[in-house]
Amino acid sequence: MPYVKEVLDYLKRTSPAQNEFYQAAEEVLESLRPLILQYPKYAKHKIIERIVEPERQILFRVNWLDDKGEIQVNKGYRIEFNSALGPYKGGLRFHPSVNAGVIKFLGFEQIFKNSLTALQIGGAKGGSDFDPKGKSDNEIMKFCQAFMSELFRHIGANTDVPAGDIGVGAREIGYMFGMYKKLSNRYEGVLTGKSLKWGGSLVRTEATGYGVVYFAKYMLEDRGESLEGKKCVVSGSGNVAIHTIEKLYHLGALPVTCSDSNGMIYDEEGVDLELLKELKEVRRERLSEYVKARPNAKYTPIEEYSHGCNAVYNIQCFAAFPCATQNELNLNDVKNLLKNGCVCVSEGANMPSTLEAVHLFVESKICYGPGKAANAGGVATSQLEMQQNASMTSWSFEEVDAKLAQIMKNIYLNASTTAAEFGEPTNLVLGANIAGFRKVADAMIEQGLV
Ligand code: NDP
């Protein structure tokens, strides 16, 4: 069918130099072929052509003063992609690699992810090319305030509710919330991932990582397998990686790796979670410091990774959890994983696997949970935070965790039954993309041409 190529050509022509966005679009469009062929209404209403265009893109300048009193200038983004299912929702990323293409790929993925949660949330993403590494607490506050001094006019509890992502955790959400409150004179649930002391939800911090592991558990259970006693590899060492490791321990698995952008740790006895949290959440140090406290563990700097491979995926494992960043896992990495007997991959990061890697995972028929399904627990729990804010109540840890587990189970069942409906029962990429798309597309048709 020509439409994938046509739409991609159109995107490349009209939105140049947005490679990550083309990649995300290609994966989704490829999956939608059987649906589009079977149901002409989507072509008739030009849903594909409409869904690849954001409803609104806000690009802005962020000026701030660093500790030396010098003026710094960064780029700010908020891409409100699709509101058919509810207020825009999606995280903010602060990282030097951020550009319009990265935010667009994340926002596009977010549409389908949010749809899969079965909650009423539309898709968006935002952020800045600001690099938080090495910045003082005062500089982080100054930047967050400057960023919000423009963003505040575009968001609101019923219009657009941002959350965290890479480089944006509870501290940054706090500074942004403070500025929003001052400028708007409103105390409302306009951001999620807030501190537990003033409107946050229990389990929100843990939710993405916990959800990724629940997703793996449900995929494996369907094949009569479990994570108990199994060796697992995890990449990244931020919020998602840390809570993936934590939940793996809860389920009796043995996570043996973690990584950052400088290198990886292989700790054969199991990653020391308390040490990792201390390093990353309290001391905010590099992972290379880990081996000082755990001399038996091995640190491999990125310069020593063998050509074209991520060293995390060279380690023999039963299951792998990519939790760092986009395109961290390529075709060679999949080959290494499969050669070493890995039977389950559940993605914590957004689009961590290249398109070729995704194709091989699907072909291999191992349990493969694509990010937009497997990491949806974070945004789902954000929506639970919005529900609690709106009703001025708060639920217990156990209550929210149970809701999260149920949501992850429903997402798995939705993706797997949809995959089966289209004749490829093990292809959760197909299942998640079609299930996520169908709900949004039907809502767009029912809401008319707006
Ligand atoms: P954090 O900022 O907390 O952590 C990111 C981690 O990934 C850091 O350890 C970082 O290392 C590492 N990393 C970044 N780039 C690389 C790289 N090239 N190679 C190896 N490690 C790298 O972010 P999160 O944990 O929140 O996010 C991680 C992923 O999960 C992202 O893809 C994000 O979009 C996705 N996600 C996050 C959600 C959330 O709720 N937070 C929800 C759904 C998805 P370093 O410190 O060196 O940069």
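Refer to the structure above for everything that follows.
Rules used throughout
Residues numbered from 1 in each chain as written. Predicted model: local features only at pLDDT ≥ 70, side-chain atom pairs only at ≥ 80, totals over all residues. Heavy atoms only, no water. Near = heavy atom within 4 Å. Polar contact = N/O pair within 3.5 Å; in protein donor to acceptor, adjacent residues only side chain to side chain. Areas by Shrake-Rupley, 256 points an atom, 1.4 Å probe, with all protein chains shown as cover. Nonpolar A, V, L, I, M, F, W, Y, C, P; charged D, E, K, R; others polar. Domains from an automatic or database assignment. Patch = residues over 30% accessible without salt bridge, like charges linked within 9 Å, V, L, I, M, F, W, Y side chains within 5 Å. Salt bridge = Lys/Arg side-chain N within 4 Å of Asp/Glu carboxyl O. Helix = DSSP H or I, 4+ residues; strand = E, 2+ residues; numbered from the N terminus. Buried < 20%, exposed > 50% of the residue type's maximum accessible area, 1.4 Å probe, protein only. Pairing = 2+ DSSP bridges. Axes fitted to C-alpha atoms, helices over the stretch in contact; angles between N-to-C directions. Right-handed = clockwise from strand over helix to strand, strands pointing away.

**Here's the deal with the site of the ligand**
Close to the ligand lie 24 residues; Asp165, Thr208, Ser261, Arg286 and Asn350 are nearest. In the environment of the ligand, a nitrogen atom lies 3.5 Å from a nitrogen or oxygen atom belonging to the backbone of Asp260. Between the ligand and Ser261 there is a distance of 2.4 Å, counted from an oxygen atom to a side-chain nitrogen or oxygen. Within the complex, the protein chains bury 84% of what would otherwise be the 890 Å² of accessible surface of the ligand. Split into classes, the residues belonging to the shell around the ligand amount to five nonpolar, 12 polar and seven charged. Residues lining the shell around the ligand come from more than one domain, with at least three contributed by each of domain 1 (2–186) and domain 2 (207–369).

**Considerations on a nonpolar patch on the surface**
Among the surface-exposed residues, Leu65, Ile71 and Val73 lie close enough to one another that they form a single nonpolar patch of about 300 Å² accessible area. In this fold, Val73 is placed in strand S2 (residues 71–82). Classification of Val73 by relative accessible area gives exposed; the value is 52%.

**Some remarks on the sheet that holds strand S10 (residues 298–301)**
Taken in spatial order, the three strands make up an open sheet running S8-S9-S10, and their pairing is antiparallel. Every interior strand has two partners, whereas the edge strands, strand S8 (257–260) and S10, have only one. Pairwise comparison of adjacent strand axes, ignoring direction, gives a mean angle of 15° for this sheet. Here four bridges tie strand S9 (residues 263–266) to S10, and the two strands are oriented antiparallel to one another. Looking at the pairing, Ile265 lines up with Tyr299 of S10.

**Re the pairing of strand S6 (residues 231–234)**
Note: S6 against strand S7 (residues 254–255), two bridges, orientation parallel. Bridging from a neighbouring strand, Lys231 pairs with Leu254 of S7. Running through helix H9 (residues 239–250), the crossover from S6 to the neighbouring parallel element S7 is right-handed. The pairing of S6 with strand S11 (residues 319–321) spans three bridges and is classified as parallel. Residue pairing across strands places Val234 opposite Phe321, the latter belonging to S11.

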